[in-house]
Amino acid sequence: MSAPVFGRLLTAMVTPMTSEGVVDLRRAGELAHRLVDEQRNDGIVVNGTTGESPTTTDAEKVDMVRAAVDAVGSDAAIVAGVGTNDTAHTVELARQAADAGADGLLVVTPYYSKPSQAGLIEHFTTVADATDLPIMLYDIPGRSGTPIETKTLIELADHPNIVAVKDAKGQVVESATVMANTTLAYYSGDDAITPALLSVGGVGLIGTSTHFTGRRMHEVIDAYVEGRIDEALAIYREILPVLTGVFAAQGVTMVKAGLAHQGFDVGGVRLPQTMPTPEHTEPFFDLLDRTQL
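Residues numbered from 1 in each chain as written. Predicted model: local features only at pLDDT ≥ 70, side-chain atom pairs only at ≥ 80, totals over all residues. Heavy atoms only, no water.

With an unreviewed UniProt entry as reference, the chain is termed 4-hydroxy-tetrahydrodipicolinate synthase, source organism Cutibacterium avidum ATCC 25577. Regarding the chain, the UniProt comment filed under Subunit (unreviewed entry) reads as follows: "Homotetramer; dimer of dimers." Recorded under Pathway (unreviewed entry), the UniProt text for the chain is reproduced unchanged: "Amino-acid biosynthesis; L-lysine biosynthesis via DAP pathway; (S)-tetrahydrodipicolinate from L-aspartate: step 3/4." (UniProt positions renumbered as here; feature names shortened; annotations may be inferred.)

Once that is clear, we can look at unusual backbone geometry. In this model, L271 is joined to P272 through a cis peptide bond whose omega is 15°. Summarising the element assignment, P272 is placed in the loop between α11 (251–261) and α12 (278–290). Of note in the backbone geometry, N47 takes a positive phi value of approximately 65° without being a glycine. As for its position among the elements, N47 is in the loop between β2 (43–46) and α2 (58–72). Unusually for a residue other than glycine, E52 sits at a positive phi of about 60°. Here E52 lies in the loop between β2 and α2. Here E52 falls in the buried class, since its relative accessible area comes to 3%. (Helix = DSSP H or I, 4+ residues; strand = E, 2+ residues; numbered from the N terminus. Buried < 20%, exposed > 50% of the residue type's maximum accessible area, 1.4 Å probe, protein only.)

Right, let's talk about the UniProt feature "active site" (unreviewed entry) in the chain for a bit. Under the UniProt annotation, "active site" (unreviewed entry) lies at Y138 and K166. A maximum C-alpha distance of 4.7 Å among these annotated residues, which run over 29 residues, shows that they cluster at one spot. Within the element layout of this structure, Y138 appears in strand β5 (residues 135–139). In this structure Y138 touches T49, L106, V107, V108, T109, I148, K166 and A168, once residues within four positions along its chain are discounted. Relative to the helices and strands, K166 is located in strand β6 (residues 162–167). Residues in contact with K166, not counting those within four places in the same chain, are A12, L106, M136, L137, Y138, D139, Y187, G189 and I206. (Contact = heavy atoms within 4.5 Å.)

Here the structure, examined in full by the defined rule, presents 1 aromatic pair. R27 extends its terminal NZ or CZ atom over the ring of F264, reaching a point 3.7 Å from the ring centre. (Phe/Tyr/Trp six-rings, centres within 6.5 Å; stacked < 30°, edge-to-face > 60°. Lys NZ or Arg CZ within 6 Å of the ring centre and 35° of its normal.)

This paragraph deals with the packing of α11 against α12. Across the interface, α11 lies against α12 with an axial gap of 10 Å and an inter-helix angle of 55°. The angle between the axes of α11 and α12 places the two elements in the oblique class. Judged by the sense of rotation from one axis to the other, the crossing of α11 with α12 is right-handed. Across the interface between the two elements, M254, A257, G258 and H261 of α11 pack against H280, T281, F284, F285, L288 and D289 of α12. Classifying every residue of the contact of α11 with α12 gives 5 nonpolar, 4 polar and 1 charged. (Axes fitted to C-alpha atoms, helices over the stretch in contact; angles between N-to-C directions. Parallel < 35°, antiparallel > 145°, perpendicular 65-115°, else oblique. Left-handed = near helix turned anticlockwise from the far one by under 90°. Nonpolar A, V, L, I, M, F, W, Y, C, P; charged D, E, K, R; others polar.)

Shown next, in the form of structure tokens:
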């Protein structure tokens, strides 16, 4: 198993907003503390998709990195999402995040333009050359439109700054092949598939439901890594409905609704996202209330 370079459990943190739709940096710091102190996160990803990166400005992104670093940077790894579909812009965001104190960078496959695999190699290599920070590639073809193919990942693993993958492709055999041929640390990018990825060499999870399930998911990962497979499976099955229920609507909207339900309001979302309807939230709230978390 590869080394868990950013720890074993991270949460892709939502970006708190005021009632006027302004990024709430004070609340962001409080949420970071909640995730680290109460939910046992080893690290936090800011400015990811769950952090509404498509609709936050570059200035807001750097402010979010600084807020997380100031709040929990001495206790947790701060990984900044910097990926865009423009290589030059991604490089700019990478340097900005490095200057703000991030410990690592999450770089998603360029979306919509659907570059070739050769284009992906040049894109990721250019970004990796831009700073000294370790980079986690984000492979999520369901959103980006383009998978990072196995041979591409193996080639990219030769770059000293490319050290990890957030894997939301859902192709465990392909992921296992990359892990067998590289030292890339694989993190599940799909909460519910975490045990399957651990079974072929994955190191942990970057979660969405872990705004609520962090403690229990850390128990799952710890038990699995220590060889207590039956215990890991029992905990996993207990919380599985929450791991999947958070995606009954868009994850960011369900997290924000769920946190408000728990008395920790982080505001609404920016268009084109909209908050979920009671049809989606009421069953999820029921799960949160009756599941041991």
